[in-house]
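Below, each chain spelled out in residue letters.
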Amino acid sequence: MNTVRIFSLALLVLLTVSFPVTAAELSPEARHVLHQSHVLIDQKDYAQAAAVLQTYMDAAGEAAPPQVWLSLGSALYESGDVNKAARIFLRGHEAYPGNPLLCLNAGITLSELGRFAESAALLEKAYGLQQTSKPEWLYQSGAAYYQGKDFRGAARVLQRLLKSSPSPRKEWIRLTVHALFESGRGSEAESLLLDYLTISPQEAGYWRLLAKLYLEREQYARACSALEICYRISPPSRSDMEQLASLYHYRNAPLLAAAALKRAYGRTPDRDQALKVAALLASAGRTTQAVAYLDANLKNGQGALEKGKVLYRGRRFKEAETAFRALLSRLDLPEARFYLALCAWERTDWEAARREFRRIAGLKAFRTRTSAFLAVLEELDRADSESLQDLQN
């Protein structure tokens, strides 16, 4: 299955968080440096804010309170130095392993650096450290596991997320389905989608996702059914209907493919589009419908040649001859004359067939195509002549 698009993990910048600044928790020096840095941050002078905080950190060391670690990491991040921001958040997390925000921001910055395995573990831990439920954190953890191609880990975390959420978001369900499928649990992925579709049958996106799942499993009939439901709920694009038609054609269901293309092309198909629909109708044995569709949509003789071919392939040779003769009365088209000869051949009108084949036999494009037929006709003439001689003797 193609890699799904993961929503970007947005850094939860903590510059505007109001930290408790009671004397029992923060020293006067810490309160002062936090106030000074926040003023600079409000002015978007992130580099200077980071410098002020770093000076304090150099003096305080690991004893610096978590608010300082958070502010320094955030200032570094805003200044564009994600590497340094990640290192600060990680060191802060080591100093204060029970602080959910340090853990969270360490996880998010590591994700931005592509260190998905570490990121996922920290984001999952941050979810467990929080005091108020923030399911988005667990989703971010699942997304990081997925981006790191740990599909089992992603499925585990995301299933936990869905179980804890009465109204899960679509993107949560979507990513869970992909994670389950990638971890070899296609049946669970299908079951999950069907459960949510039972509750929310009008969600076209879920039906589309179910169809994609069936396609990956080469269950084309089910994929087509899911797409049909999806398109009844949400109007499809022309490309959507063309893809559905291709699926029907692959399943050897030309009438359904033709119906899908009719919906795709609407009331005014161009020449090529009308020919595609007619060809599908004809391949299903619906010669009359194919001819009627060409007559309705191709004016001024645009579809005359194809109309004759459809009638010929439907073994309606007299009608085909009429179509080809009408075309030849306006335009001396060798292709039409070739098919006119074939119609005569099928009716065993050897003289008419010979006459039309000979009229185009000198053309390079038809020399090979006509030579075999003319050779057979010569053999028939020879056989007839020998039979006549035998009778006379």
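Data block above holds the structure.
Residues numbered from 1 in each chain as written. Predicted model: local features only at pLDDT ≥ 70, side-chain atom pairs only at ≥ 80, totals over all residues. Heavy atoms only, no water.

## Overview of the packing of aromatic side chains
The condition that has to hold: Two aromatic rings from Phe, Tyr or Trp, using only the six-membered ring of Trp, form a pair when their centres are within 6.5 Å; if the ring planes differ by under 30 degrees the pair is stacked, by over 60 it is edge-to-face, and anything between is tilted. The way it works is that DSSP assigns letters per residue, a run of H or I at least four long becomes a helix, a run of E at least two long becomes a strand, and they are numbered from the N terminus. Burial status follows relative accessibility: with a 1.4 Å probe on protein chains alone, a residue under 20% of its type maximum counts as buried, one over 50% as exposed, and anything between as partly exposed. Whether a charge sits over a ring comes down to the Lys NZ or Arg CZ being within 6 Å of the ring centre and within 35 degrees of the ring normal.
One pass over the full model with this rule turns up 14 aromatic pairs. Judged by centre distance (5.5 Å) and plane angle (80°), the rings of Tyr312 and Tyr339 are edge-to-face. Residue Tyr312 is located in helix 17 (residues 304-313), and its partner Tyr339 is located in helix 19 (residues 334-346); the two are separated by 27 residues in the primary sequence. Overall, Tyr312 belongs to the buried group, its relative accessible area being 16%. Between Phe338 and Tyr339, the ring centres sit 5.9 Å apart and the planes meet at 85°, which makes this aromatic pair edge-to-face. Exposure class is identical for Phe338 and Tyr339. Each is buried. Clustering of aromatic rings is evident, with ring pairs tying together Tyr312, Phe317, Phe324, Phe338, Tyr339, Trp345, Trp350, Phe357, Phe366 and Phe373. It is Arg369 that lies over the ring of Phe338; its NZ or CZ is 4.3 Å from the centre.

## Side note on the state of the cysteines
Stated precisely, the cut-off is as follows: For the purposes of this analysis, a disulfide is any pair of cysteine sulfur atoms at a distance within 2.5 Å.
Counted by the stated rule, this structure contains zero disulfides. The thiol sulfur of Cys224 is not disulfide-bonded, and the nearest other cysteine sulfur, from Cys230, lies at 13 Å.

## Observations concerning the pattern of salt bridges
Condition: By definition, a salt bridge exists where a carboxyl oxygen of Asp or Glu is found within 4 Å of a side-chain nitrogen of Lys or Arg.
If you walk through the whole model with that rule in mind, you get 24 salt bridges. As a salt-bridge pair, Asp240 and Arg208 come within 3.4 Å of each other at their nearest N and O atoms. With Asp240 in helix 13 (residues 238-250) and Arg208 in helix 11 (residues 204-216), this pair connects stretches of sequence that are 32 residues apart. For Asp240, a relative accessible area of 13% puts it in the buried group. Sharing partners across several salt bridges, the network here consists of Glu306, Lys309, Glu335 and Arg369.

## Notes on the side chain of Ser71
To keep things clear, this is the line we draw: As used in this structure description, the phrase polar contact means that two N or O atoms lie within 3.5 Å; if the pair is within protein, one of them must be able to donate a hydrogen and the other to accept it, and residues adjacent in sequence are counted only when both atoms belong to side chains.
One can find Ser71 in helix 3 (residues 66-78). A polar contact is formed between the side chain of Ser71 and the side chain of His38, at a distance of 3.3 Å.

## Regarding helix 9 (residues 170-182)
Turn by turn, an α-helix covers 3.6 residues, leaving residues three or four places apart pointing in a common direction. This is how it is decided: A helix is expected to span 1.5 Å multiplied by its residue count minus one. Residue contacts are counted whenever heavy atoms from the two residues lie within 4.5 Å of one another.
Helix length check: helix 9 (13 residues) gives 18 Å between terminal C-alpha atoms against 18 Å at 1.5 Å per residue, within 8%. Along helix 9, the positions that sit buried rather than exposed are Trp172, Ile173, Leu175, Thr176, Val177, His178, Ala179, Leu180 and Phe181. Residues of helix 9 that are buried make contact with helix 7 (135-147), helix 8 (151-163), helix 10 (186-199) and helix 11. Phi turns positive, to about 80°, at Gly184, one or two residues after helix 9.

## Looking at a positive patch on the surface
Put simply, the rule is: Like charges within 9 Å and nonpolar side chains (Val, Leu, Ile, Met, Phe, Trp, Tyr) within 5 Å are joined into patches, using only residues over 30% in relative accessible area that form no salt bridge. To be clear on the numbers: accessible area is Shrake-Rupley with a 1.4 Å probe, and residue cover counts the displayed protein chains and nothing else. For the purpose of charge, His is not counted, nor are the chain termini; Lys and Arg are scored as positive and Asp and Glu as negative. The atom standing in for a charge is NZ when the residue is Lys, CZ when it is Arg, CG when it is Asp and CD when it is Glu.
On the surface, Lys318, Arg325, Arg355 and Arg359 cluster together into a positively charged patch. For the positive patch, the elements supplying multiple residues, two or more each, are helix 18 (317-330) and helix 20 (350-360). Position of Arg359 among the secondary structure elements: in helix 20.

## Details of the nonpolar core
Note the cut-off: Buried residues of nine kinds, namely Ala, Val, Leu, Ile, Met, Phe, Trp, Tyr and Cys, make up a nonpolar core once their side-chain atoms join them within 4.5 Å.
The biggest cluster of nonpolar side chains holds 128 residues, and the ones touching the most others in it are Leu210, Leu244, Phe324 and Phe357. Sort the elements by how many residues they give to this core and helix 19 lands first, with nine residues. In this structure Leu210 touches Glu190, Leu193, Leu194, Leu197 and Ala226, once residues within four positions along its chain are discounted.

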